[in-house]
Amino acid sequence: MEQLNLSPGPIGIFDSGFGGLSILKQIRLLMPEYDYLYLGDNARTPYGSRSFQVVYEYTLQCVQKLFQMGSNLVIIACNTASAKALRTIQQKNLDVSSGRRVLGIIRPTAECVGTLTKNKHIGILATPGTVISDSYTIEIGKLFPDVVVSQQECPMLVPLVESGEISSSGTDFFVRKYVQSLLEKDNLIDTIILGCTHYPILYDTIRRYVPQNIRIVTQGEYVAQSLNNYLLRHSALEKCITRGGSCSYYTTESVENFLRVARIFMEQDVKAQTISL
Ligand code: DGL
């Protein structure tokens, strides 16, 4: 079997802020044996309304940091960064011969769509950056050309979550507005994908404004399953992941700010450290 010349290290999980915690949680449920590093760029969140160049530069810095900290495999657990930065990082910045890898979360989510919609009408709720990139429409179109995809950008939701406004009348107002706009684009939608890793924390609110016959899909389980399959297919890289069952949390903001919202996502207290990039 092929062997990689890498010192084993934890899997790195990156998001612009707290959203990646919703992905990390599902990955750890499925693969608790590995070690993980979580990095949230809370100081510069949200990425959703920033330009391609800025999202690329910020994401690259965070990916490089996770590599420096010992990860050989980094998951960009952020749709906006997956949409705007992943391909460029893979093509321009990653030395493939090193054996290290960076993966995103849009492709694994797109892959599950065909099995979820019955009438082939899908809605996506996402950040402006993800919507403008058209990544979901493109990826779903490649795999399921007969699926109709409608998108709605939700610029206020990430700032609300990052501020800890999980259940407030302000959050309700924006959720209702975005859901209505999406359904006005296509009233046949039978499945809505939460195409931003921050949105699962707003699931109950979103559920209240989405008609009961429409399925709401969160990405975490699909991303976790896809990563599991990837590691089964890439056993040389899998051997370069340490197996201590630990998770360390890093934020570019203050620890206090991070813990306040992280505990809502993780449903438990975690320990975190501030990091500079
Ligand atoms: N969690 C990120 C996503 O999945 C939010 C991006 C942002 O910072 O706006 O798109």
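Higher on the page you've got the structure.
All values reported here derive from a predicted model rather than from experimental measurement.

Asks: Please explain the sheet that holds strand β5 (residues 121-126) as it appears in this structure.
Replies: In a beta sheet, neighbouring strands pair by backbone hydrogen bonds and run either parallel or antiparallel. Spatial strand order, β6-β5-β7-β8: 4 strands in an open sheet with parallel pairing. Edge positions in the open sheet fall to β6 (148-153) and β8 (215-217), since each of these has one partner strand only. Here the average twist between neighbouring strands, direction ignored, is 25 degrees. Of the strand pairs in this sheet, β5 and strand β7 (residues 191-194) are connected by 4 bridges, and their pairing is parallel. Pairing of G123 across the sheet is with I192, part of β7. Across the face of the sheet, helix α5 (residues 106-116) comes into contact with β5, β7 and β8 while running at roughly 160 degrees to β7. Its contacts with the sheet place helix α7 (residues 135-143) against β5 and β6, and it is angled at close to 165 degrees to β6.

Asks: In this structure, what is going on with the sheet that holds strand β4 (residues 101-103)? I would like to understand it.
Replies: Taken together, 6 strands build an open sheet; the order of strands is β4-β3-β1-β2-β9-β10 and the sheet is parallel. Edge positions in the sheet fall to β4 and β10 (272-274), since each of these pairs with one other strand and no more. Within this sheet the neighbouring strands show an average axis-to-axis angle of 20 degrees, counted without direction. The pairing of strand β9 (residues 247-251) with β10 spans 3 bridges and is parallel. Looking across to β10, one finds that T251 is bridged to T274. Along the sheet face, helix α11 (residues 220-233) touches β1 (11-15), β3 (73-76) and β4 and points at about 155 degrees away from the line of β3.

Asks: Looking at this model, I keep getting lost on the site of the ligand. Mind explaining?
Replies: In the vicinity of the ligand there are 14 residues, among which S16, Y47, G48, T80 and T197 approach most closely. A distance of 2.8 Å separates an oxygen atom of the ligand from a polar backbone atom of N79. Protein chains shield 99% of the accessible area of the ligand, which is 300 Å² for the free molecule. A majority-of-atoms criterion places the ligand in the largest cavity. Classifying every residue of the shell around the ligand gives 5 nonpolar, 8 polar and 1 charged.

Asks: Help me understand empty space enclosed by the protein, please; the structure alone is not making it clear to me.
Replies: Rolled over the atoms, a probe as big as a water molecule pinpoints where empty space is left. On inspection of all chains with the given rule, the structure shows 1 cavity of 30 Å³ or more. Taken as a whole, the largest cavity spans an internal volume of roughly 50 Å³. If you go around the largest cavity, the residues you meet are D15, S16, Y47, G48, C78, N79, T80, T127, V158, C196, T197 and H198.

Reading guide: rules and limits
Along each chain, residue indices are assigned from 1 in the same order as the chain's sequence is written. Only residues with pLDDT of 70 or above have their local features reported here, since the model is predicted, and side-chain atom pairs are shown and tallied only from 80 upward, although totals for entire chains, interfaces and linings are computed over all residues. In computing side-chain properties, one takes all heavy atoms of the structure into account and sets aside hydrogens as well as water. Any two strands are treated as partners once DSSP identifies two or more bridges connecting them. A run of H or I in DSSP becomes a helix once it reaches four residues, and a run of E becomes a strand once it reaches two; helices and strands are each numbered from the N terminus. An axis is simply a line fitted to the C-alpha atoms; with a helix, the fit covers only the stretch in contact. Between two such axes, the angle follows the N-to-C directions and lies from 0 to 180 degrees. Residue contacts follow a heavy-atom distance rule, with two residues in contact if any of their heavy atoms lie within 4.5 Å. Put simply, a residue is near a molecule or strand once any heavy atom of it comes within 4 Å of that molecule or strand. Any pair of N or O atoms that falls within 3.5 Å is considered a polar contact. Within protein, one atom must be able to donate a hydrogen and the other to accept it, and sequence-neighbouring residues count only if both atoms are side-chain atoms. With residues, only the protein chains shown are counted as cover, and all accessible areas are computed by Shrake-Rupley using a 1.4 Å probe. The rule is simple: put a 1 Å grid over the protein atoms alone, call a set of points where a 1.4 Å probe fits but cannot get out a cavity, call an open set with protein on both sides within 12 Å along at least five of seven lines a pocket, and count a residue as lining if it has an atom within 4 Å of a point. Cavities and pockets are treated as containing a molecule whenever more than half of the molecule's atoms lie within 2 Å of their grid points. Residue classes follow a fixed rule: Ala, Val, Leu, Ile, Met, Phe, Trp, Tyr, Cys and Pro count as nonpolar, while Asp, Glu, Lys and Arg count as charged, and any other residue, Gly among them, counts as polar. Grid points are joined across faces, edges and corners, and a volume is the space filled by probe spheres set on the points.

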